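Descriptive structure summary
The chain contents come next:
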Amino acid sequence: MSGSPRQGGVVLALSGGAALGWAHLGVLEVFARAGVRVVAVAGTSMGAIAAAGFASGRLQAVTQLALSTKRLRVARHLDLFGRGGGLIGGAVIERTLTAELGAARLEALGLPCAVVAVDVASGEPAVLRNGPAVEAVMASIAIPGVIAPVRLGGRLLIDGGVADPVPVRAARALATRPVVAVNVLADWPSRARHLGLADQRADRSLAQMTGGIALLMRHLAATRLAIDAPDLVIEPATGRFSPAAFHRADELIAAGRDAALAALPKVHALAGTS
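Here the structure is a predicted model, which is why all the values come from computation and not from measurement.

Some thoughts on the overall build of the protein chain
Within the protein chain, the secondary structure is distributed over 10 helices and eight strands. For the protein chain, contacts bridging at least 24 residues in sequence account for 76% of all contacts bridging at least 6. Within the structure as shown, the protein chain displays about 12400 Å² of accessible surface, and the carbon and sulfur contribution to it stands at 57%.

Considering the environment of Val10
If you trace the backbone, Val10 turns up in strand β1 (residues 10-14). Between the alpha carbons of Val10 and Arg37 there is a distance of 6.4 Å; along the sequence they are 27 residues apart. The residues touching Val10, leaving out its near neighbours within four places in the chain, are Val36, Arg37, Val38, Val39, Ala40, Arg177, Pro178, Val180, Val267, Leu270 and Ala271.

Some thoughts on the pattern of salt bridges
According to the stated counting rule, one finds 10 salt bridges in the structure shown. Among the ionic pairs, Arg58 bridges to Glu100, the shortest N-O distance being 2.9 Å. Within this pair, whereas Arg58 is found in the loop between α2 (46-55) and α3 (59-67), its partner Glu100 is found in helix α5 (residues 91-101), the two being separated by 42 residues in sequence. Taking relative accessible area as the criterion, Arg58 reaches 34% and is therefore assigned partly exposed. Overall, the relative accessible area of 21% leaves Glu100 in the partly exposed class. For Asp228, the salt bridge goes to Arg169, with nearest N and O atoms at 3.0 Å. With Asp228 in the loop between α9 (205-227) and β8 (232-234) and Arg169 in helix α7 (residues 168-172), this residue pair connects regions lying 59 residues apart in the sequence. Among the ionic contacts, a cluster of salt bridges with common partners joins Asp164, Arg169, Arg224 and Asp228.

Things to note about the packing of helix α1 (residues 23-34) against α2
Where α1 contacts α2, the two axes come as close as 9 Å, and the packing angle between them is 30 degrees. Accordingly, the angle class assigned to the pair α1 and α2 is roughly parallel. In this structure, the crossing between α1 and α2 has a hand that is right-handed. Each of His24, Leu25 and Leu28 in α1 lies in contact with α2, whose residues at this interface are Gly47, Ala50 and Phe54. Looking at the contact of α1 with α2 residue by residue, the classes come out as four nonpolar, two polar and no charged.

Focus: the nonpolar core
In terms of nonpolar packing, the biggest core is built from 81 residues, with Leu12, Phe31 and Ile234 touching the most fellow members. Broken down by element, this core gets its largest block of residues, nine residues, from helix α10 (residues 249-271). Ignoring sequence-local partners within four residues, the contact set of Phe31 consists of Leu12, Val36, Val38, Ile234, Ala260, Leu264 and Val267.

A word on the packing of α1 against α10
Remark: α1 packs on α10, axes separated minimally by 7 Å, with the N-to-C direction vectors making an angle of 45 degrees. In this view, α1 runs oblique relative to α10, as classed from their interaxial angle. For α1 against α10, the interelement crossing comes out right-handed. Residues Ala23, Leu25, Gly26, Val27, Glu29, Val30, Phe31 and Ala34 of α1 pack against Leu252, Ile253, Gly256, Arg257, Ala260, Leu261, Leu264, Val267 and His268 of α10. Per-class residue counts for the contact of α1 with α10 are 12 nonpolar, three polar and two charged.

Some details on the packing of aromatic side chains
Two aromatic rings, taken as a pair, are described by how far apart their centres are and by the angle between their planes. Within the structure shown, the criterion is met by one aromatic pair. Ring plane angle 85 degrees and centroid distance 6.3 Å describe the contact between Trp22 and Phe246, whose orientation is recorded as edge-to-face. One end of the pair, Trp22, is in the loop between β1 and α1; the other, Phe246, is in the loop between β8 and α10, with 224 residues separating them in the sequence.

Structural notes on the pairing of strand β6 (residues 155-159)
Judged from the three bridges that link them, strand β3 (residues 113-119) and β6 form a sheet pairing that is antiparallel. Residue Asp119 lies in a different strand from β6, and its bridge partner there is Leu157. Note: strand β5 (residues 150-152) against β6, three bridges, orientation antiparallel. When the bridges of β6 are listed, Val150 appears paired with Leu157.

Details of the environment of Ala42
Here Ala42 lies in strand β2 (residues 38-44). Residue Ala42 is classed as buried on the basis of its relative accessible area of 0%. Along the primary structure Ala42 and Ala171 are separated by 129 residues, whereas in three dimensions their C-alpha atoms are 5.1 Å apart. Every residue in contact with Ala42, bar those within four places of it in the chain, is listed here: Leu12, Ala13, Leu14, Ala51, Ala114, Pro167, Ala170, Ala171 and Leu174.

The rules behind the values
- Residues numbered from 1 in each chain as written.
- Predicted model: local features only at pLDDT ≥ 70, side-chain atom pairs only at ≥ 80, totals over all residues.
- Heavy atoms only, no water.
- Helix = DSSP H or I, 4+ residues; strand = E, 2+ residues; numbered from the N terminus.
- Contact = heavy atoms within 4.5 Å.
- Areas by Shrake-Rupley, 256 points an atom, 1.4 Å probe, with all protein chains shown as cover.
- Salt bridge = Lys/Arg side-chain N within 4 Å of Asp/Glu carboxyl O.
- Buried < 20%, exposed > 50% of the residue type's maximum accessible area, 1.4 Å probe, protein only.
- Axes fitted to C-alpha atoms, helices over the stretch in contact; angles between N-to-C directions.
- Parallel < 35°, antiparallel > 145°, perpendicular 65-115°, else oblique.
- Left-handed = near helix turned anticlockwise from the far one by under 90°.
- Nonpolar A, V, L, I, M, F, W, Y, C, P; charged D, E, K, R; others polar.
- Core = buried A, V, L, I, M, F, W, Y, C linked by side-chain atoms within 4.5 Å.
- Phe/Tyr/Trp six-rings, centres within 6.5 Å; stacked < 30°, edge-to-face > 60°.
- Pairing = 2+ DSSP bridges.

So this is what it looks like as structure tokens:
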């Protein structure tokens with residue numbers, strides 16, 4: 001294990017959440033500027049992209065990638081004839097990640113890093129700490145039926161958010177330091193208002209379907225956090241954004257910054273830097 005109580009610092013657990021995960025970049029930016037010592041990081045799905053970027057020292061590059069992602073750029077990632085059972089093959093996403101992470105291996109990044117996917121055969125989380133970082137991240141973001149699953153180490157892996165949307169247990173295994181979880185799935189009241197779910201006079205079938213999925217993910221995240229309680233949870237205000245709003249990275253990053261700034265006194269206390 002890396003880290004010890006005498007060294008100080010915190011371990012981060014970054015949740016999934018599709019485009020909402022851009023908020024992680026704002027949290028990480030604030031921590032870096034404030035001198036918060038992060039000794040290890042774990043991530044699920046979009047949190048895995050942020051975790052790998054941060055652990056490899058490529059956070060700024062990932063942030064620039066996020067900010068350059070406009071509607072047309074997102075459309076370029078929809079290689080609809082992808083192989084492997086997904087509506088999106090993921091080839092363009094994989095090339096983009098490779099451009100930033102290259103052939104880096106998880107065990108050789110600047111910080112201990114864990115990426116969480118799910119083993120389809122067992123239904124259990126698969127915590128990846130070794131091997132090519134790009135392959136691990138691709139497995140972690142392989143949304144069932146959307147992005148093709150990844151065969152890795154004899155296992156068929158899909159999006160970690162299916163079973164472990166906030167990877168606290170994986171984070172805690174990396175170092176003997178307090179765990180700070182960043183959960184971008186929690187802001188339900190704002191999401192309900194944004195979807196207009198309280199307006200029963202209108203036809204809200206699409207909003208109800210979207211909201212139902214979001215509510216399911218919120219409750220799954222809350223359940224996992226109750227089972228594997230971190231020392232602190234940061235919940236950016238993401239409710240007004242669609243999980244598909246990849247083109248609104250600037251606003252989502254700002255939401256992450258705001259949440260991190262509000263939590264800084266508690267984070268410094270946990271890290272021993274207050």
